[in-house]
Amino acid sequence: MNTETIDNIKMIAETAREFAEKNIRPNIMEWDESQTFPKDLFHQLGEMGFMGIVVPEQYGGSGLGYHEYVTILDEISQVDPSIGLSVAAHNSLCTNHIYEFGNEEQRNKWLPQLASGKVIGAWGLTEHNTGSDSGGMSTTAVKDGDEWVINGAKNFITHAISGDIAVVMTRTGEIGAKNNSTAFVLEKGMPGFTSGKKENKLGMRASETAELIFDNVRVPDSHRLGEVGEGFKQAMKILDGGRISIAALSLGTARGAYKAALKYAKERHQFGKAIAEFQAINFMLADMATEIDAAELLIQRASTLKNAKQKMTKEGAMAKLYASEACVRISNNAVQIFGGYGYTKDFPAEKFYRDSKLCTIGEGTSEIQRLVIGRDITK
């Protein structure tokens, strides 16, 4: 990166950090305990330009690249990973899908609303019985004149209740057939389009997760993204970029846990000296710092390829796999360094620990990432 880009990233990092400290940190545990999705906060994030980060300015976005995007997610997630998760889902899934595969009319219709943060986006792929086997989804779309009739349900969907617009993958062919999926944009208020059960989660509790339900939802053909049968291919391309998002979320979560543990280790004294001076703790902190730097380098490599519009399926999967697994290890070690206090809600370690685990599951489990990497390196 050139000097101008580095300076710009530093400025963006400072802006995101100040926003998070002022508007997020005072509310962390209140939102977590009550499982409140702070929708008004996302309107504010939109005003900051953080809800359409990689969307070009002509569609109301910030027109930034993936290095800047990663920086914003990192800074927000250091304070509250659940807010970082929602920012990631809105930007890289729903909004990015419309930008990447929508026509000009669709882009102009929906992207300015999403980039403003006044409209919250959701993205529906996962179902109750399919999970990672998204090719066998049961949600169907059947053509009826100039409309499509959608039936089925999606689960584990971020912003399923509070979202205003959802990009939904449907099956338009036989189960197991090639090119059997098509993507549509659905708007809340369409008859038959409702939300279901909200999940009571271990972590990321301020990021809303629930069902999307479709009961004979009639959708105009003008809401179809791309060609019939392209939905699964589109989703896989979107998940390539989504892996960078979750890797950045993991990085911020890990960094937040590490910073809290380092501060505590310097302040906590036993046997006449700070516990950071004991080799066991010192080595633990050294490993944490090393893994954070390694994760960041993998993420930056994937981001560089993404900015250059080059293939980065393997590199994105590597970044997501390593960063998410490291995030869990680092958060676990943070609790250990805090000792008994790390198990209480009076200190930040326990929340980072609870939040970290989702990073190894969401947008493709660690096992799926290994599958993607393994296929790439052996083909």
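By the naming in an unreviewed UniProt entry, the chain goes by Cyclohex-1-ene-1-carbonyl-CoA dehydrogenase and is assigned to Chryseobacterium shigense. Regarding the chain, the relevant UniProt record gives this comment under Sequence similarities (unreviewed entry): "Belongs to the acyl-CoA dehydrogenase family." Under the heading Cofactor (unreviewed entry), UniProt records this for the chain: "FAD".

**Q** Break down the overall build of the chain for me, citing the residues and quoting the values.
**A** If you tally the helices and strands in the chain, you get 11 helices and 10 strands. Taking 2.2 N^0.38 as the reference for a compact globule, 379 residues should give roughly 21 Å; the C-alpha atoms of the chain span a radius of gyration of 21 Å, in line with that estimate. When the backbone C-alpha atoms are referred to their principal axes, the chain occupies close to 80 × 45 × 40 Å. Counting all 379 residues of the chain, 55% fall into the buried class. Treating the 42 positive side-chain charges of the chain as one cloud and the 48 negative ones as another, the clouds have centres 4 Å apart.

**Q** Can you tell me about the side chain of D355, naming the residues and giving the values?
**A** You can see D355 is positioned in helix α10 (residues 349-356). Setting aside chain neighbours within four positions, we find D355 in contact with D80, P81, S82, G203 and M204.

**Q** If you had to explain the UniProt feature "domain: Acyl-CoA dehydrogenase/oxidase C-terminal" (unreviewed entry) in the chain to someone new, which residues and values would you point to?
**A** Mapped onto this numbering, the UniProt entry annotates "domain: Acyl-CoA dehydrogenase/oxidase C-terminal" (unreviewed entry) at residues 229-377. Taken end to end, residues 229-377 has its terminal C-alpha atoms 28 Å apart, with 75% of it in helix and 3% in strand.

**Q** Which residues make up the packing of aromatic side chains, and what are the values?
**A** Applying the stated rule across the entire model yields 10 aromatic pairs. Ring centres of Y66 and Y69 lie 5.5 Å apart, and the angle between their planes is 90°; this geometry places the pair in the edge-to-face category. With Y66 and Y69 both in helix α4 (residues 66-79), this residue pair falls three residues apart, about one helical turn. Exposure remark for Y66: the relative accessible area of 5% places this residue in the buried category. With a relative accessible area of 2%, Y69 lands in the buried category. Measuring from centroid to centroid gives 4.4 Å for Y264 and F338, while their planes differ by 20°, and the two rings are stacked. Of this pair, Y264 sits in helix α7 (residues 231-267) while F338 sits in helix α9 (residues 313-338), and the two are 74 residues apart along the sequence. Accessibility classification places Y264 together with F338 in one group, the buried group. Three or more aromatic residues link up through ring pairs in this structure, and these residues are Y264, F338, Y341 and F347. For the cation-ring pair, K188 lies above F193, with the distance from its terminal atom to the ring centre recorded as 5.6 Å.

Conventions we followed
Residues numbered from 1 in each chain as written. Predicted model: local features only at pLDDT ≥ 70, side-chain atom pairs only at ≥ 80, totals over all residues. Heavy atoms only, no water. UniProt positions renumbered as here; feature names shortened; annotations may be inferred. Helix = DSSP H or I, 4+ residues; strand = E, 2+ residues; numbered from the N terminus. Rg over C-alpha atoms; globule rule 2.2 N^0.38 Å. Buried < 20%, exposed > 50% of the residue type's maximum accessible area, 1.4 Å probe, protein only. Lys, Arg positive; Asp, Glu negative; His and termini not counted. Charge placed at Lys NZ, Arg CZ, Asp CG, Glu CD. Contact = heavy atoms within 4.5 Å. Phe/Tyr/Trp six-rings, centres within 6.5 Å; stacked < 30°, edge-to-face > 60°. Lys NZ or Arg CZ within 6 Å of the ring centre and 35° of its normal.

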